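# Examination of the molecular architecture
Chain residues, written in single-letter form:
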Amino acid sequence: MNDIDAWVWWLIGAAALGIPLVVTAMPELGMLAVGAVAAAVAASLGGGAVVQVVVFAVVSVALIAAVRPIATRHRAQRPQLVTGVDALKGRQALVLERVDGTGGRIKLAGEIWSARSLDTGRAYEVGEEVDVVEIEGATAIVM
């Protein structure tokens, strides 16, 4: 064991931290691995054991302190690309068959949809433009 330089041990430690990083997807392990690589550089430049440990600790803590808030902020954001029925909400549609509180047909995003009026007392005639406010199953709720 004494034949292996300290910087090699730090690289082995970095690899040992990198394997669970890939398996568990915990970014903190990656930051600790980068800290171990920095300690390996310090060891290869002739730094003593105390310097190596301090470099490892400082780099690891600095990375965690800098990257973690950014990752938390990105995780909390909603995706910018809306897909599926959520993408249809708020779009305009053309009435193909009279739409009232009981039903009707509209053309929405190039497709024919069953529809019903949000206000049960309101009816929309053929050719009118309506706004989709909700999708319930295969039925568009319009106003």
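Higher on the page you've got the structure.
So, a few notes on the structure that sits alongside this text. Bear in mind the structure is a predicted one, so any value in this text is a computation, not a measurement.

## Looking at the environment of serine 117
- Residue placement: serine 117 occurs in strand β3 (residues 111-117).
- Through-space distance from the C-alpha of serine 117 to that of alanine 87 is 19 Å; in sequence the pair is 30 residues apart.
- Once residues lying within four places of it in the same chain are set aside, the contact partners of serine 117 are Val99, Asp100, Gly101, Arg122, Tyr124, Ile141 and Val142.
- Polar side-chain contacts of serine 117 include one of 3.3 Å to the backbone oxygen of arginine 122.

## A word on the sheet that holds strand β1 (residues 92-97)
- Strand order around the closed barrel formed by five strands is β1-β2-β3-β5-β4, with mixed pairing between neighbours. Mean inter-strand twist for the sheet, computed between neighbouring axes without regard to direction, equals 55°.
- As judged from the four bridges shared by β3 and strand β5 (residues 139-142), these two strands associate in the parallel manner. Counterpart to serine 117 in the pairing with β5 is valine 142.

## Concerning the packing of aromatic side chains
- The tally for this structure, following the rule as stated, stands at one aromatic pair.
- An angle of 35° between the planes, with centres 5.3 Å apart, marks the rings of tryptophan 10 and phenylalanine 56 as tilted. Linking tryptophan 10 in helix α1 (residues 6-24) with phenylalanine 56 in helix α3 (residues 49-76), this pair joins segments that are 46 residues apart in sequence.
- A relative accessible area of 22% means that phenylalanine 56 is categorised as partly exposed.

## Some words on helix α2 (residues 27-44)
- In this model α2 runs 26 Å from its N-terminal to its C-terminal C-alpha over 18 residues, within 8% of the 26 Å that 1.5 Å per residue would give.
- Those residues of α2 lying buried are Leu29, Gly30, Met31, Ala33, Gly35, Ala36, Ala39, Ala40, Ala42 and Ala43.
- Contact partners of the buried residues in α2: α1 and α3.
- Following α2 by one or two positions, glycine 46 has its phi on the positive side, about 100°.

Criteria and thresholds
- Residues numbered from 1 in each chain as written.
- Predicted model: local features only at pLDDT ≥ 70, side-chain atom pairs only at ≥ 80, totals over all residues.
- Heavy atoms only, no water.
- Helix = DSSP H or I, 4+ residues; strand = E, 2+ residues; numbered from the N terminus.
- Contact = heavy atoms within 4.5 Å.
- Polar contact = N/O pair within 3.5 Å; in protein donor to acceptor, adjacent residues only side chain to side chain.
- Pairing = 2+ DSSP bridges.
- Axes fitted to C-alpha atoms, helices over the stretch in contact; angles between N-to-C directions.
- Phe/Tyr/Trp six-rings, centres within 6.5 Å; stacked < 30°, edge-to-face > 60°.
- Buried < 20%, exposed > 50% of the residue type's maximum accessible area, 1.4 Å probe, protein only.
- Expected span 1.5 Å × (residues − 1).

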